[in-house]
Amino acid sequence: MPHLVSFHMGWLIGSLLLGFCMGWISVVQRGNGTSKVTARWLAALAAGLVAASLTHVVPGRFGYWLDLGLIMFACYLVGCTIGAWLRDRVVSRSTPPTAL
């Protein structure tokens, strides 16, 4: 894993920055979102992929791509979270208080 991170550091930083930019420019949707059933299926899929990566079930090149894809996706999600959090902090400070 350290070899994977050190060799692809530029791509991982790019994924983090892309996630930061997407988190910064995204508008929060207050819609229905996904259903609980779909969210559970997606969580099970993510858990299965992480388990397959940790146990090295997928050998060779495809296992390497799986590890790299999961690390890049994690960097992207961290960047999205930081970008959205910072945007919320900046926007909430710049809005004037509402008079009641």
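Definitions and cut-offs
Residues numbered from 1 in each chain as written. Predicted model: local features only at pLDDT ≥ 70, side-chain atom pairs only at ≥ 80, totals over all residues. Heavy atoms only, no water. Helix = DSSP H or I, 4+ residues; strand = E, 2+ residues; numbered from the N terminus. Buried < 20%, exposed > 50% of the residue type's maximum accessible area, 1.4 Å probe, protein only. Contact = heavy atoms within 4.5 Å. Areas by Shrake-Rupley, 256 points an atom, 1.4 Å probe, with all protein chains shown as cover. Phe/Tyr/Trp six-rings, centres within 6.5 Å; stacked < 30°, edge-to-face > 60°. UniProt positions renumbered as here; feature names shortened; annotations may be inferred. Patch = residues over 30% accessible without salt bridge, like charges linked within 9 Å, V, L, I, M, F, W, Y side chains within 5 Å. Salt bridge = Lys/Arg side-chain N within 4 Å of Asp/Glu carboxyl O. Expected span 1.5 Å × (residues − 1). Arc of directions from axis to C-beta.

Asker: Mind showing me how you'd approach the overall build of the protein chain here?
Answerer: Helix and strand counts for the protein chain stand at four helices and zero strands. For the protein chain, the N- to C-terminal ordering of α and β elements is α-α-α-α. Out of the 100 residues belonging to the protein chain, those deemed buried represent 17%. Excluding contacts between residues fewer than 6 apart, the proportion of contacts in the protein chain whose partners are at least 24 apart in sequence is 80%. Of the roughly 8,000 Å² of accessible surface on the protein chain, 72% is carried by carbon and sulfur atoms.

Asker: Hey, could you run me through the packing of aromatic side chains in this one?
Answerer: Applying the stated rule across the entire model yields two aromatic pairs. For the ring pair phenylalanine 62 and tryptophan 65, a centre distance of 5.3 Å and an interplane angle of 85° mean the geometry is edge-to-face. Remark: tryptophan 65 and phenylalanine 62 occur in helix α4 (residues 60-94); sequence separation between them is three residues, near one turn of the helix. Taking the relative accessible area as the measure of exposure, phenylalanine 62 reaches 57% and is therefore exposed.

Asker: Which parts of the structure should I look at to understand the UniProt feature "transmembrane region" (unreviewed entry) in the protein chain?
Answerer: The sites that UniProt annotates as "transmembrane region" (unreviewed entry) are residues 6-27, 39-58 and 64-86. Across residues 6-27, the secondary structure splits into 86% helix and 0% strand, with the terminal C-alpha atoms separated by 33 Å. For residues 39-58, the helix share is 85%, the strand share is 0%, and the end-to-end C-alpha distance is 25 Å.

Asker: I would appreciate a short explanation of a nonpolar patch on the surface in the present structure.
Answerer: Taken together, the side chains of Phe7, Val57, Val58, Phe62, Tyr64 and Trp65 present a nonpolar region at the surface, about 640 Å² in accessible area. With three residues, α4 is the largest single contributor of residues to the nonpolar patch.

Asker: Would you mind showing me how to read helix α2 (residues 9-25) here?
Answerer: Each α-helix turn comprises 3.6 residues. Residues three or four places apart therefore point the same way. Its 17 residues give α2 an end-to-end C-alpha distance of 24 Å, which sits within 8% of 24 Å, the value for a rise of 1.5 Å per residue. Those residues of α2 lying buried are Leu12, Ser15, Gly19 and Gly23. Buried residues of α2, viewed axially, fall in a sector of 70°; they line one side. Residues of α2 that are exposed and point more than 90 degrees away from the buried face comprise Gly10 and Ile25.

Asker: Which parts of the structure should I look at to understand the environment of glycine 14?
Answerer: As for its placement among the helices and strands, glycine 14 is situated in helix α2. For the pair glycine 14 and glycine 79, spaced 65 residues apart in the sequence, the C-alpha separation amounts to 9.8 Å.

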